[in-house]
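Okay, here's what each chain looks like letter by letter:
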Amino acid sequence: MTVQNSDKTLSRKQRLQEKQRRQLAVVDTVDKAEVKVRKAEAELAVAVAEAVQVFGDERAASEGLDMPVEAVRRFVGIAAHETAVAAADGADV
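Residues numbered from 1 in each chain as written. Predicted model: local features only at pLDDT ≥ 70, side-chain atom pairs only at ≥ 80, totals over all residues. Heavy atoms only, no water.

(A) Broad picture of the side chain of Ser-62. With respect to the helices and strands, Ser-62 occurs in helix α3 (residues 58–65). Filtering out sequence-adjacent residues up to four positions away, Ser-62 remains in contact with Met-67, Pro-68, Val-69 and Val-72. (Helix = DSSP H or I, 4+ residues; strand = E, 2+ residues; numbered from the N terminus. Contact = heavy atoms within 4.5 Å.)

Below you can see the structure in the form of structure tokens.
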């Protein structure tokens, strides 16, 4: 009695189709995760920009948030970009 590997019984075309299906599934999962990351980063940026206003400046916000000043500046920049994009989208309507 011999044991056959299921891959051996599949044609090359079937194996390729299965591989492509798995690859597309992984790409789809990564794409969805990237969208979630961008959304979370935008929300964090808005919160950091608000913290800068509440604390008075970037350095005070950095200390209050225990976050490097460079990170605070990066998030403030992201928040400003998001605000500009939202304003442009609103003007297009």
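(B) Spatial organisation of helix α2 (residues 12–55). Here α2 is 44 residues long and its end C-alpha atoms lie 63 Å apart, about the 64 Å a rise of 1.5 Å per residue gives. Where α2 is concerned, the buried positions are Ala-42, Ala-45, Val-48, Ala-51 and Val-52. Note on α2: the residue one or two positions beyond its end, Gly-56, has a positive phi of about 110°. (Expected span 1.5 Å × (residues − 1). Buried < 20%, exposed > 50% of the residue type's maximum accessible area, 1.4 Å probe, protein only.)

(C) Quick peek at a nonpolar patch on the surface. A contiguous nonpolar patch, built from Val-54, Phe-55 and Leu-65 and spanning about 280 Å² of accessible area, is present on the exposed surface. Structurally, the position occupied by Leu-65 is in helix α3. (Patch = residues over 30% accessible without salt bridge, like charges linked within 9 Å, V, L, I, M, F, W, Y side chains within 5 Å. Areas by Shrake-Rupley, 256 points an atom, 1.4 Å probe, with all protein chains shown as cover. Salt bridge = Lys/Arg side-chain N within 4 Å of Asp/Glu carboxyl O.)

(D) Local environment of the nonpolar core. Core analysis: the largest hydrophobic core is formed by nine residues, namely Ala-45, Val-48, Val-52, Ala-61, Met-67, Val-72, Phe-75, Ile-78 and Ala-79. Secondary structure elements with two or more residues in this core: α2 and α4 (69–92). Among the elements that make up this core, the one with the highest residue count is α4 (four residues). When neighbours within four sequence positions are excluded, Val-72 is seen to be in contact with Val-48, Val-52, Glu-58, Ser-62 and Met-67. (Core = buried A, V, L, I, M, F, W, Y, C linked by side-chain atoms within 4.5 Å.)

(E) Layout of the pattern of salt bridges. Tallied over the full model, the rule gives five salt bridges. The residue Glu-18 makes a salt bridge to Arg-21 at a minimum N-O spacing of 2.6 Å. Separated by three residues within a single helix, Glu-18 and Arg-21 lie in helix α2, roughly one turn from each other. Relative accessible area serves as the criterion here: at 48%, Arg-21 is assigned to the partly exposed category. Ionic pairing is found between Glu-41 and Arg-74, a salt bridge with its closest N-O pair at 3.0 Å. Taken together, the residues Glu-41 in helix α2 and Arg-74 in helix α4 connect sequence positions 33 residues apart.

(F) Structural view of the packing of α2 against α3. It is at 8 Å that the axes of α2 and α3 come closest, and there the two elements cross at 110°. Here α2 is positioned roughly perpendicular relative to α3, judged by the angle of their axes. Residues Val-48, Ala-51, Val-52 and Phe-55 of α2 form the contact with α3, whose participating residues are Glu-58, Ala-60, Ala-61, Gly-64 and Leu-65. For the contact of α2 with α3, a count of residues per class yields seven nonpolar, one polar and one charged. (Axes fitted to C-alpha atoms, helices over the stretch in contact; angles between N-to-C directions. Parallel < 35°, antiparallel > 145°, perpendicular 65-115°, else oblique. Nonpolar A, V, L, I, M, F, W, Y, C, P; charged D, E, K, R; others polar.)

(G) How the structure looks around α3. Two or three places before Arg-59, at the opening of α3, Asp-57 has a side-chain oxygen 3.3 Å from that residue's backbone nitrogen. Phi turns positive one or two residues past the end of α3, at Asp-66, with a value near 55°. (Polar contact = N/O pair within 3.5 Å; in protein donor to acceptor, adjacent residues only side chain to side chain.)

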